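Below are the chains, spelled out letter by letter.
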Amino acid sequence: MAMAMTDTSGVEVPKEPEGPSIFVPEGFSLYTENNAHILISKDEAFLNPVQEFNRDMSVACIRVWSEEIDREKEAKFRKAEQRRAKRLEQAAWEKPKDEGEISHSTDIAGDASTMDLEMVGNTSKPHAYHPHKFVLLEALSATGLRSIRYAKEIPLVRFVIANDLSPSATAAMKRNVEINGLGPTEDEIMTSDGQRTARSNPGKVRVHEDDACALMYNHRTEKTRVDVVDLDPYGTAAPFIDAAVQAVNSGGLLCVTCTDMSVLATTNYSEKCFSNYGGMPVKAEYSHEAASALRLVLNTISTSAIRYGRYIEPLLSLSIDFYVRIFVRVHAAPVEVKKSASKTSIYYVCSGCASFHEQKLGRVVERTNEQSGAVNLQYKTASGPPVNSACPECGYTMHLAGPMWSGPLHNPDFVAKVVGHVDRNAKNYGTSTRMKGMLAVAQEELDVPFYFTPGKVAGTFHCSTPSLGDVASALLNAGHKVSRSHASPGSLKTTASRDVIHDVFRAWAQRHPVRTDRISVTAPAAKLLNKAIQTPIDFKKHPESVTRTTDVRIVRYQQNPAPNWGPGSRAGGKRKRAGSDEGR
């Protein structure tokens, strides 16, 4: 169901065809997204209609995660019940008998045995499994739209904690929660003596007015942790990540949005990127995935988690429009924490041809015991550097980027389940077409760092641009794997090294001659074209060059459903700090 904005004020608008009407006060507009309704005013909390795709994707991912967690807990429950029944049965048969009992007649002994078995039968009746209901904390809720959608659309939500520091935002949240029927109520219950009494129900969406970090730090003890933490700030999420990784339960879900792409995806504010994310960005064609976005944010989450004996498992990491959205599970396992250095890398990136070389910070060595066959893991430092200061391909200067996350960006099994969920429930998501397209590409992405676009590489070579099929076939025929990347249309990921990619374009330039007289002797193309081809290149169409997403028209940008539909301005208020881009 698509979103809708109603500008009517001072009138009643039907909530649903069969539901009560919502009164829209003067100066307010009614905004509807799926089955959630909110009243917004330009002087109150911030709402960005463009992020409907973000909210749709979040609902789908959290719902699939909750179903997976429920299945895991039910499986553990069933195993525990089987062990319990086995122990009780064994205890009944092995019950010690004194000599007096042994001298009884067989009838009495038989009666006793029957009585013991009946007792076992009564105590070993299987307990009923109750679905696992989870608690979600949205630290920066603004209008409360996201929290309302979570409470309404995810069946296994127990309740949602919706928080904001702004008094006007919390006032708007309480109003919006109330019109959606999710606020506090007084329930009538029957006492043991037959008397009726009222009991306060805090509601399914519980509004808090507090500092986001203070609230999450108050939930960092084992008994107070929540199952899901959602961070969706205006700008960077960096100040909130340390508190968030402590507030979420082991196996829980952390959802993070960062919209400061001018910091993450360019070198214009490298000092700001380092202060926020602990790493240096790089300006390259793959900046939205690489040193300037997803991997820098993932590294920030990982380094925050490992301080507390926790590690992260990225489920889905997306670069979308003007922001990144990341879903990671946070686990408590000190053994896995030791592997974090081997999933962290610095990259040497060429400023001329965008070639890159990976330098891992650590490595894991497996040692097998010859006698027992047990495998022991040893954690070592990595050797380096992998390249000189000059690029071996074009001779330009190599620049450092990182440290950043070099592990997987997605969990393919999880992504496949989200794809299936969206296919079955397409009518419930206004952006389902785009969700399907982006998820399908993410599911097929190779687990390798960085993508390239044939158009960019062809520009470096000053040659005509080969088609995606030609480049993919040449790499596949050379024995390498190829996939699309969700981060940029017309992009490819491959297991081939950069020199092999360059060989493909050298071979293409031989078929489609380049005007070398127009190329400066100092340009990267001058050296790239003069190098000999080392890899046999065959452009014959490869059958695997066409995947199930090749012919899918990926919907990457929302269609404007209304005039002036786009990113809004930050909400005003007394708490606004001049020049700040953090939080709301």
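Everything numeric in this text was worked out from a predicted model, so none of it was measured. (Residues numbered from 1 in each chain as written. Predicted model: local features only at pLDDT ≥ 70, side-chain atom pairs only at ≥ 80, totals over all residues. Heavy atoms only, no water.)

What about the overall build of the chain?
Piece 1. Check the secondary structure of the chain and you find 17 helices and 21 strands.
Piece 2. Burial statistics for the chain: of 584 residues in total, 49% are counted as buried.
Piece 3. Considering only contacts within the chain whose residues lie at least 6 apart along the sequence, 69% involve residues at least 24 apart.
Piece 4. Surface exposure of the chain reaches about 28,400 Å², of which carbon and sulfur atoms provide 51%. (Helix = DSSP H or I, 4+ residues; strand = E, 2+ residues; numbered from the N terminus. Buried < 20%, exposed > 50% of the residue type's maximum accessible area, 1.4 Å probe, protein only. Contact = heavy atoms within 4.5 Å. Areas by Shrake-Rupley, 256 points an atom, 1.4 Å probe, with all protein chains shown as cover.)

Digging into the pattern of salt bridges
Piece 1. This model, assessed by the stated rule, comprises 22 salt bridges.
Piece 2. A salt bridge links Arg-84 to Glu-81; the nearest nitrogen and oxygen atoms lie 3.7 Å apart. One end of the pair, Arg-84, and the other, Glu-81, are both in helix α1 (residues 52-93), 3 residues apart, so they sit about a helical turn from each other. Accessibility assignment for this pair places Arg-84 and Glu-81 in one class, buried.
Piece 3. Here Glu-393 ties to Lys-531 by a salt bridge, and the two come within 3.2 Å at their closest N and O atoms. Taken together, the residues Glu-393 in the loop between β18 (375-381) and β19 (398-405) and Lys-531 in the segment after α17 (524-530) connect sequence positions 138 residues apart.
Piece 4. Glu-393 sits in the buried class, given a relative accessible area of 7%.
Piece 5. Residues joined in a network through salt bridges with shared partners are Glu-33, Arg-55, Asp-56, Arg-149 and Glu-153. (Salt bridge = Lys/Arg side-chain N within 4 Å of Asp/Glu carboxyl O.)

Considering the nonpolar core
Piece 1. Membership of the largest hydrophobic core comes to 56 residues, with the highest contact counts inside it found for Met-216, Val-229, Leu-231, Leu-254, Val-297 and Ile-301.
Piece 2. No other element matches the 7 residues that helix α7 (residues 238-247) contributes to this core.
Piece 3. In contact with Leu-254, other than residues within four places in its own chain, are Val-229, Ala-244, Val-245, Ile-301, Ile-326, Phe-327, Val-328 and Val-330.
Piece 4. Ranked by size, the runner-up nonpolar core spans 48 residues in total, among them Ile-62, Val-64, Leu-145 and Val-419. (Core = buried A, V, L, I, M, F, W, Y, C linked by side-chain atoms within 4.5 Å.)

What to know about the sheet that holds strand β7 (residues 157-164)
Piece 1. Read across the sheet, 7 strands follow the order β10-β7-β6-β11-β12-β14-β13 without closing on themselves; strand pairing throughout is mixed. Edge positions in the sheet fall to β10 (205-209) and β13 (310-320), since each of these pairs with one other strand and no more. Along the sheet, successive strands turn relative to each other by an average axial angle of 15°, direction set aside.
Piece 2. Packed onto the sheet, α1 meets β6 (134-138), β11 (226-231), β12 (248-258), β13 and β14 (323-332) and runs at close to 15° relative to β14.
Piece 3. Where α7 meets the sheet, its contacts fall on β11, β12, β13 and β14, and the angle it forms with β12 comes to roughly 155°. (Pairing = 2+ DSSP bridges. Axes fitted to C-alpha atoms, helices over the stretch in contact; angles between N-to-C directions.)

Concerning a nonpolar patch on the surface
Piece 1. A grouping of Val-335, Val-364, Val-375, Leu-377 and Tyr-379 is seen on the molecular surface, where their side chains present a nonpolar patch of about 380 Å² in accessible area.
Piece 2. With 3 residues, the top contributor of residues to the nonpolar patch is β18.
Piece 3. Following the sequence through the fold, Val-364 ends up in strand β17 (residues 362-368).
Piece 4. On the basis of relative accessibility, which here comes to 32%, the residue Val-364 falls in the partly exposed class. (Patch = residues over 30% accessible without salt bridge, like charges linked within 9 Å, V, L, I, M, F, W, Y side chains within 5 Å.)

Thoughts on the sheet that holds strand β15 (residues 344-350)
Piece 1. Strand order in the open sheet made by the 3 strands is β16-β15-β19, with antiparallel pairing throughout. Since the sheet does not close on itself, it has two edges, and those belong to β16 (356-360) and β19, each with one partner. Pairs of neighbouring strands in the sheet enclose a mean axial angle of 25°, with direction left out of account.
Piece 2. Alignment of β15 against β16, held across 5 bridges, turns out to be antiparallel. In the strand pairing of β16, Tyr-348 is matched with His-357.
Piece 3. Helix α10 (residues 294-306) rests against β15 and β19 of the sheet, and its axis sits at about 45° to β19.

Considerations on the environment of Asn-218
Piece 1. Looking at where Asn-218 falls in the secondary structure, it is placed in the loop between α6 (212-217) and β11.
Piece 2. A residue is classified by how much of its surface remains accessible, and Asn-218, at 53% relative accessible area, is exposed.
Piece 3. Measuring from C-alpha to C-alpha, the distance between Asn-218 and Gln-246 comes to 9.7 Å, with 28 residues separating the pair along the chain.

Quick notes on empty space enclosed by the protein
Piece 1. Tallied over the entire structure, the rule returns 1 cavity of 30 Å³ or more.
Piece 2. Approximately 50 Å³ is the volume found for the largest cavity.
Piece 3. What lines the largest cavity is simply Ser-302, Tyr-311, Ile-312, Glu-336, Ser-340, Lys-343 and Trp-405.
Piece 4. In terms of residue class, the lining of the largest cavity is built from 3 nonpolar, 2 polar and 2 charged. (1 Å grid on protein atoms, 1.4 Å probe; cavity = no way out; pocket = protein on both sides within 12 Å on 5 of 7 lines; lining within 4 Å. Points joined across faces, edges and corners; volume = space filled by probe spheres on them. Nonpolar A, V, L, I, M, F, W, Y, C, P; charged D, E, K, R; others polar.)

What to know about the environment of Ile-306
Piece 1. Mapping Ile-306 onto the fold places it in helix α10.
Piece 2. By relative accessible area, which is 27% here, Ile-306 ends up partly exposed.
Piece 3. Taking the C-alpha atoms as reference points, Ile-306 and Ala-333, 27 residues apart in sequence, are found 9.4 Å from one another.
Piece 4. Leave out the neighbours within four places in its chain, and Ile-306 touches Val-337 and Ser-340.

Focus: the packing of aromatic side chains
Piece 1. Inspection of every chain in the model, using the stated rule, returns 8 aromatic pairs.
Piece 2. A ring pair is formed by Trp-65 and Phe-134, whose centres lie 5.4 Å apart and whose planes are at 90°; its orientation type is edge-to-face. Separated by 69 residues along the polypeptide, Trp-65 in helix α1 and Phe-134 in strand β6 bring together distant segments of the chain.
Piece 3. Trp-65 gets classed as buried once you look at its relative accessible area, which sits at 3%.
Piece 4. Ring geometry for Tyr-347 versus Phe-356: centroids 6.3 Å apart, planes at 70°, classification edge-to-face.
Piece 5. Ring pairs connect the aromatic residues Tyr-347, Phe-356 and Phe-450, which therefore count as one cluster.
Piece 6. Taking the ring centre of Phe-159 as reference, the NZ or CZ of Arg-206 above it sits at 3.6 Å.
Piece 7. Arg-434 extends its terminal NZ or CZ atom over the ring of Phe-53, reaching a point 4.4 Å from the ring centre. (Phe/Tyr/Trp six-rings, centres within 6.5 Å; stacked < 30°, edge-to-face > 60°. Lys NZ or Arg CZ within 6 Å of the ring centre and 35° of its normal.)

Here we look at the packing of α1 against helix α4 (residues 145-153)
Piece 1. Running from amino to carboxyl end, α1 crosses α4 at an angle of 35°, the nearest separation of the two axes being 10 Å. The handedness of the crossing between α1 and α4 comes out as right-handed. Here Glu-52, Asn-54, Arg-55, Asp-56, Ser-58, Val-59, Ile-62 and Arg-63 of α1 come into contact with α4, specifically with Leu-145, Arg-146, Arg-149, Tyr-150 and Glu-153. (Left-handed = near helix turned anticlockwise from the far one by under 90°.)

Everything listed here is a matter of geometry and, on its own, says nothing about what the molecule does.
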